[in-house]
Every structure is written in structure tokens, then in C-alpha cells.
Amino acid sequence: MRYLKLLLVLVFILTSCRRSVHRPQNKKFPEIVTCWQDNPAQTFHLKNSHLEPALFSVYNKEYLDSKKLPAVITDRHQSGIFYQTNLLINDLEEVVTQLQKSKKKIKKLDNFTILKQTDYNYLKHTGLMVLRHKKYPFVVKLFMETPENFVKPFSRGIEECAFFVMGGGMNRYLAGFTRIPNRNEIQKKIESNRYWKSLIDTPRKWFWEPQENRRIFIQGKNIGTQQKSMVLPSIYAIVCDAIESDHGFSILRQNDRHLALSITEFLGIRIDPHINNFMVEKETQKIIIIDTEHFPTLIGIKDDFTINDFITYYSRLTFRFFTKKLLFDKKNLNALQTHPRPVVYPYEIHGEK
């Protein structure tokens, strides 16, 4: 992954030439306008040729409300053990409050272990933080966003820049909404296959958002053939089973590389084959897929995308970014707006009613 980031940095530098200030503005240029739903007077704008209608299709409130964290959860392995989630919910509310008040990096939390916070911005209160509860066997991926930050895709690091360009305006915050529906589709496919059913699995996942949660209104202009808008929760979390593992996959082990690519191919490229997304569960010895973002949506796959090895995989991602950033002419960009193509391996993300 480090080499992919270096390649993307190089391509981004080579392709980030500013347009002339004397060049006339295209009145049909794709644009999004954001604001807090409770404060529509203050708006934030982004005009960018890479914005596509797909970014308005990832959030389905009705579906995610049906997948909210229940009051009681059975243990992943022992059906006779139950967890009351009121304590977990209270602790999540407390963490959100603590993060919103803090302007400095937090090293320790009372009820959670911080697994990852490199993608979280304490000054803007935006980004992704990964936590593990100290009492219950659950991991939490907490997403926070603001209207102002949403329209600044090129201030979040090279990976977010690449997702925005390739995915037609996508980012980790938006892709997070696909984790639960995609996981459920993946699990159905695993359970219907005798061979893979005994080898791989996914952690259960639930949706959560704070009781007091501001909402972001997003209006699209000149994106697709119809006017689009959506209202998103500014803070939400994906809660999933914590997986106990002796070891994860390694890019240095040939068998691990082969299994990761074979699983990805079996699932129809619905997941990112990045090697760190796989680990072996201690109790069952099954391979667990821990990251279930819908990969085609995240990087905007609209054609055949085969993966033979990891060198080819990283090279193709870099080439896709380079092509979309530099080689798409006005005709191709306009076609993406007026005749948007669905991602390859399309499926009803919210097909489970």
C-alpha cells in the first residue's frame, strides 16, 4: 500500500495544473452545495468535473434505520451469552462529546481502546476513528463530517483525493454507508457456496448515530439529468464484532496473497483485496473479511476489472487515477454527467428490505 500511495502522489503532482483564470466558466459545470440542515443560510460550494450521480445513491435512511444497533446482541460464538448494548451506546455518546470538545490528540479513552485515529482531524472534528470497547467484544468505526469539510476533498490526503477522482466524488465517509449492505450481500454469497462457507466469514455489523445529531444537506447541480439532493447524518458509526486473531495476512506470504485474490474474485470484486483486510480468527480458524466497503463504488469501476496479482492491482489503480485525472476530455466528462454508467457488478445495495 505504501508504494501505491507514492505512485498516486507522483501522479497527483503531475496532473494538478490549475486552469487559467482567464478561461471562461462553464455554466453547466457539476457542482455540490452543502449546509447544515438547521442553518441553510450558510452554504459551502464545490465545482468539479469529476462529480457524478453515484455519490447520491450510497445512503438509504430507511435501510440503515432497520440495521441499527439492537438493545440485545448474542455473542458471536456462544448463543447463550447476551450483551445489553445500553452501556455501549452510552459510552459512544460520551466519546462523541469528548471528541467534539477536544482540539488536541487524545491518547487514552475511559471505555475504548483507540485502534486507529490517523484519519481523524481534531481541529475540524472530521474523519474516521476506529475504537474497540474495553468491556464488550465490539469494534466501532466512527465517522464525523461537516458541510464545510465535505466540499474540500483535496485537503484530506492522497488516498481521499484518489477516491474522489476515481469514484466520481466518493470518500470514506460516504463509502462507510455501503459497509453494512455490502457485508450482507457478501455473507449471502458465502453461505450459498459449500467450499467457501467453511473457509471465510464476515463480522456482523450494525448502524449507530448519536441521539442529538446534526444533519448535512447536500444539493447537486448539473450532476446527471435530474436535480439531486440528500440529507446525511454528520456523525455515525458502524459497530461490528471484534475478531480475535493470532495473525493477519501478509503481503510477503505467497499463500496469503493467493487467498486474498481468490476470495476477492469469488465475491465479484465487491471488496478491496488489500492484504490487511483479511485475518485468521483464533477460535474458528476461518479467514475473516474485516473491511466490507463496496469497492466498485469507492473507485468507480465501470468496466471489467480483473486482478491477477498485487503488482497488477496497484498498477491498474494508479492508471485509473491518472486516466480520470488527466486524460478525460470534456466530451467524456460530460458523458458521465448526462449518461452515467452503473458500476461494474451492479447490485441493489439496499436490496434487503
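Residues numbered from 1 in each chain as written. Predicted model: local features only at pLDDT ≥ 70, side-chain atom pairs only at ≥ 80, totals over all residues. Heavy atoms only, no water.

I would appreciate a short explanation of the nonpolar core in the present structure.
Nonpolar side chains tend to gather and get buried jointly when the protein is soluble and globular. Core analysis: the biggest nonpolar cluster contains 67 residues, and Ile-32, Tyr-173, Leu-174, Phe-177, Ile-263, Ile-299 and Phe-305 have the highest contact counts within it. Counting 25 residues, the second-largest nonpolar core is a separate cluster that includes Leu-69, Tyr-83, Leu-131 and Trp-208. (Core = buried A, V, L, I, M, F, W, Y, C linked by side-chain atoms within 4.5 Å. Buried < 20%, exposed > 50% of the residue type's maximum accessible area, 1.4 Å probe, protein only.)

Even after reading the chapter, I still don't get the pattern of salt bridges, so can you show me in this structure?
Pairing between side chains becomes possible if they bear opposite charge and their charged atoms approach one another. Using the criterion set out here, one finds 19 salt bridges in the structure. For Arg-76, the salt bridge is made with Glu-281, and the minimal N-O distance between the two is 2.9 Å. Taken together, the positions of Arg-76 in the loop between strand 3 (72-74) and strand 4 (82-84) and Glu-281 in strand 15 (residues 278-281) put the pair 205 residues apart, joining distant regions of the chain. Look at Glu-281 and you get buried, because its relative accessible area is 2%. Between Lys-188 and Glu-185 there is a salt bridge whose closest N-O contact spans 3.8 Å. On the criterion of helical spacing, the pair formed by Lys-188 and Glu-185 is a turn pair, its members being three residues apart in helix 7 (residues 179-191). Here Glu-185 falls in the buried class, since its relative accessible area comes to 19%. The network of salt bridges with common partners includes Arg-76, Asp-201, Arg-204, Asp-241 and Glu-281. (Salt bridge = Lys/Arg side-chain N within 4 Å of Asp/Glu carboxyl O. Helix = DSSP H or I, 4+ residues; strand = E, 2+ residues; numbered from the N terminus.)

Looking at this model, I keep getting lost on the pairing of strand 13 (residues 235-241). Mind explaining?
Within a regular beta strand, the side chains point alternately toward one face of the sheet and then the other, so they alternate between its two faces. For strand 13, a buried count of seven out of seven residues is recorded, marking the element as mostly surrounded by other parts of the structure. One ladder, built from seven bridges, connects strand 8 (residues 138-144) with strand 13; its direction is antiparallel. The partner of Val-139 across the bridge, within strand 13, is Cys-240. (Pairing = 2+ DSSP bridges.)

Quick question: what am I supposed to make of unusual backbone geometry here?
Excluding glycine, residues mostly carry a negative phi; peptide bonds, for their part, are mostly trans. Positive phi outside glycine occurs at Asn-222, with the angle close to 60°. Position of Asn-222 relative to the elements: it lies in the loop between strand 11 (215-221) and strand 12 (228-233). Assessed through its relative accessible area of 30%, Asn-222 is described here as partly exposed. The backbone phi angle of Gln-285 is positive, close to 60°, even though this residue is not glycine. Along the polypeptide, Gln-285 turns up in the loop between strand 15 and strand 16 (287-289). Classification of Gln-285 by relative accessible area gives exposed; the value is 51%.

Please explain the sheet that holds strand 14 (residues 245-248) as it appears in this structure.
Sheet strands line up and pair through hydrogen bonds in the backbone, either parallel or antiparallel. With mixed pairing, four strands are arranged side by side in an open sheet as 9-16-15-14. Of all strands in the sheet, those bounded by a partner on one side alone are strand 9 (200-201) and strand 14. One ladder, built from three bridges, connects strand 14 with strand 15; its direction is antiparallel. Residue Gly-248 lies in a different strand from strand 15, and its bridge partner there is Met-279.

Please explain the sheet that holds strand 11 as it appears in this structure.
What the four strands build is an open sheet, ordered 2-1-11-12; its pairing is antiparallel. Pairing within the sheet leaves two strands with one partner each, and these edge strands are strand 2 (39-47) and strand 12. If you compare each strand with its neighbour and ignore which way they point, the axes differ by 20° on average. Examined bridge by bridge, strand 1 (residues 31-36) and strand 2 share five bridges and lie antiparallel to one another. Counted as the bridge partner of Thr-34 is Phe-44 from strand 2. (Axes fitted to C-alpha atoms, helices over the stretch in contact; angles between N-to-C directions.)

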